[in-house]
Amino acid sequence: SDWLCDQMRLVDHDSLAPYRTRILLAMGAVTIALLVPFAINHLVQERWIVACALFLIIVLTYVNVRAVARRRSPPIPAAWLLLPFVAGITAAVMTQGVPGVLWSYPVVVYAYFVLTRRVALLSSIAILGYVSALAAALIEIPLALRLFATLLLTIIMINIVLNVIADLHRKLENQALTDPLTGAYNRRFMEKVLEALVARAERHPLVASVLMIDIDHFKRVNDRFGHDHGDLVLKRVVDVVASRMRRSDRLFRWGGEEFLVLLEGADLDGASLVAEEIRRSVEAADILPEQPVTVSIGVGQYRAGQDVDGWTRTADVALYEAKAGGRNRVVQATLRKAEPSVCQ
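In short, a report on the structure. The structure presented is a predicted model; accordingly, all values stated were derived computationally and were not measured. (Residues numbered from 1 in each chain as written. Predicted model: local features only at pLDDT ≥ 70, side-chain atom pairs only at ≥ 80, totals over all residues. Heavy atoms only, no water.)

Details of the layout of surface pockets
In plain terms, the rule: Cavities and pockets are defined on a 1 Å grid built over the protein atoms alone: a cavity is a set of grid points where a 1.4 Å probe fits but cannot escape, while a pocket is an open set with protein on both sides within 12 Å along at least five of seven lines, and lining residues are those with an atom within 4 Å of any such point. Grid points are joined across faces, edges and corners, and a volume is the space filled by probe spheres set on the points. Counting from the N terminus, the helices are DSSP H or I runs at least four residues long and the strands are E runs at least two residues long. Each residue receives one of three labels: charged for Asp, Glu, Lys and Arg, nonpolar for Ala, Val, Leu, Ile, Met, Phe, Trp, Tyr, Cys and Pro, and polar for the others, Gly being one of them.
Put simply, the largest pocket is a space of about 310 Å³. Lining the largest pocket are 18 residues, and of these Thr31, Leu35, Phe85, Trp103 and Pro106 sit closest to its centre. Sorting the residues of the lining of the largest pocket by element identifies α2 (20-44), α3 (48-69), α4 (78-96) and α6 (104-114) as the ones contributing at least two each. When residues in the lining of the largest pocket are grouped by element, the largest group, six residues, is from α2. Per-class residue counts for the lining of the largest pocket are 14 nonpolar, four polar and no charged.

Put into structure tokens, the structure is as follows:
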């Protein structure tokens, strides 16, 4: 059941979205190239309905391909293009019988490449039911059952493949956003998140604070126990910090043994309470059996007009004061102008 739930969640992860424009352009060009000969053949054979349906698909597809090639948004939603496709299948089944049914397979594949996953899934199920019923009514029930089974298998296989792609895409995204050692978000992603918050603050009031966390005497840990134990300390401290965070909070690795926690919706006093809880939790945790591990924390609240550097610098200066004051403590940033941190 857990595996099935995970597979269903992947439906909302549209891994093809960044490439949709290229897909529309490529598949549109291929669709036109393949359908033109069939449209001409049906025209020569005087199958007017099928020929008209194919020419309509070609024209609508060309309009979208032309727009995409000029770097414009497709004027015709991709979902609407399924309507003439289905109309073409209907006309083909009515005039040709079994050969007309075969068009349902490329149409289903087409849907998954040009539509979002959820819309494509709903559309393919609708096409499955409609074409199977059409085959049962106009051809024969045994063929309709075979069509239903094979088309359903095609839909299942497409979704399995796309789920694998979505899972790989999600893992690659996580690798690009996180620190490989600790699992915390990396500094590059932190800068993007904070810049987005500050930009939003220009339009709406922002209440948010950051905690600048530094592991006390971390160099001594490396010198005494080695870098393997140092890495273990980093990971365990991250685990302790993460256990004291809300789901909406984010933990970033600032660099070395320093970390930054973003607390949206928390003012200076509220963030200080969280910081104190984190400090106590790290101190009480059994991280190294032969040496206590503690952290110093500087707390800085966003002030209107600050940029990202100014905001984080206030917390960094507060961190320096915490370390200069004896370490293993929490210090709030003051409203005076922040000076660059020189803490070691």
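Some details on the nonpolar core
To keep things clear, this is the line we draw: Think of a nonpolar core as a cluster: buried Ala, Val, Leu, Ile, Met, Phe, Trp, Tyr and Cys residues, connected wherever their side-chain atoms sit within 4.5 Å. The buried label applies to any residue whose accessible area, calculated with a 1.4 Å probe on protein chains only, is under 20% of its type's maximum; exposed applies above 50%, and partly exposed to all values in between. The contact criterion used is simple: two residues touch if any of their non-hydrogen atoms lie within 4.5 Å.
Counting 39 residues, the largest nonpolar core has Phe85, Val108, Tyr112 and Leu115 as the members making the most contacts within it. Only α2, α3, α4, α6, α7 (117-138) and α8 (141-177) provide two or more residues apiece to this core. Broken down by element, this core gets its largest block of residues, seven residues, from α4. Non-local contacts of Phe85, meaning those with residues more than four positions away in its chain, are made with Thr31, Leu35, Ile57, Val107 and Tyr110. In terms of nonpolar packing, the next biggest core, distinct from the first, is built from 30 residues, Leu211, Val240, Ile278 and Val295 among them.

Some points on the packing of aromatic side chains
The condition is simple: The aromatic pairing rule takes the rings of Phe, Tyr and Trp, using the six-membered ring of Trp, and pairs them if the centres are within 6.5 Å, calling planes under 30 degrees apart stacked, those over 60 edge-to-face and the rest tilted. Here, a charge over a ring is recorded when the distance from Lys NZ or Arg CZ to the ring centre is within 6 Å and its angle to the ring normal is within 35 degrees.
Scanning all chains against the criterion turns up six aromatic pairs. Arranged with centres 5.0 Å apart and planes meeting at 85 degrees, the rings of Phe38 and Trp103 form a pair that is edge-to-face. You can see Phe38 sitting in helix α2 and its partner Trp103 sitting in the loop between α5 (98-101) and α6, a full 65 residues away along the chain. On the basis of relative accessibility, which here comes to 26%, the residue Trp103 falls in the partly exposed class. Taking the centre distance of 4.9 Å and the plane angle of 50 degrees together, the rings of Tyr185 and Phe189 count as tilted. The partly exposed category is assigned to Tyr185, whose relative accessible area is 30%. One aromatic cluster is present, built from ring pairs that chain together Tyr185, Phe189 and Phe252. The ring of Trp254 has Arg187 sitting right over it, with the charged end atom 3.9 Å from the ring centre.

Overview of the packing of α6 against α8
Going by this rule: Orientation is described by axes fitted as lines to C-alpha atoms, over the contacting stretch for helices, and by angles from 0 to 180 degrees between their N-to-C directions. Our angle categories are set so that under 35 degrees counts as roughly parallel, over 145 as roughly antiparallel, 65 to 115 as roughly perpendicular, and the remainder as oblique. For any pair of crossing helices, the crossing counts as left-handed if the nearer helix is rotated counterclockwise from the farther one by less than a right angle, and right-handed if it is rotated clockwise.
Between α6 and α8, the least distance of the axes is 11 Å, while the angle of their chain directions is 25 degrees. Considering their axes alone, α6 and α8 lie roughly parallel with respect to each other. Classified by chirality, the crossing of α8 by α6 is right-handed. Contacts between α6 and α8 pair Ser104, Tyr105, Val108, Val109 and Tyr112 from the former with Leu147, Thr150, Leu151, Thr154, Ile155, Ile158, Asn159 and Leu162 from the latter. Of the residues in the contact of α6 with α8, the class split is nine nonpolar, four polar and no charged.

Re the packing of helix α10 (residues 218-225) against helix α11 (residues 227-243)
Contact geometry of α10 with α11 gives a least axis separation of 7 Å together with a crossing angle of 140 degrees. Put simply, α10 runs oblique to α11. On α11, the residues that touch Phe218, Val221, Asn222 and Phe225 of α10 are His227, His229, Gly230, Val233 and Leu234. Broken down by class, the residue content of the contact of α10 with α11 amounts to five nonpolar, four polar and no charged.

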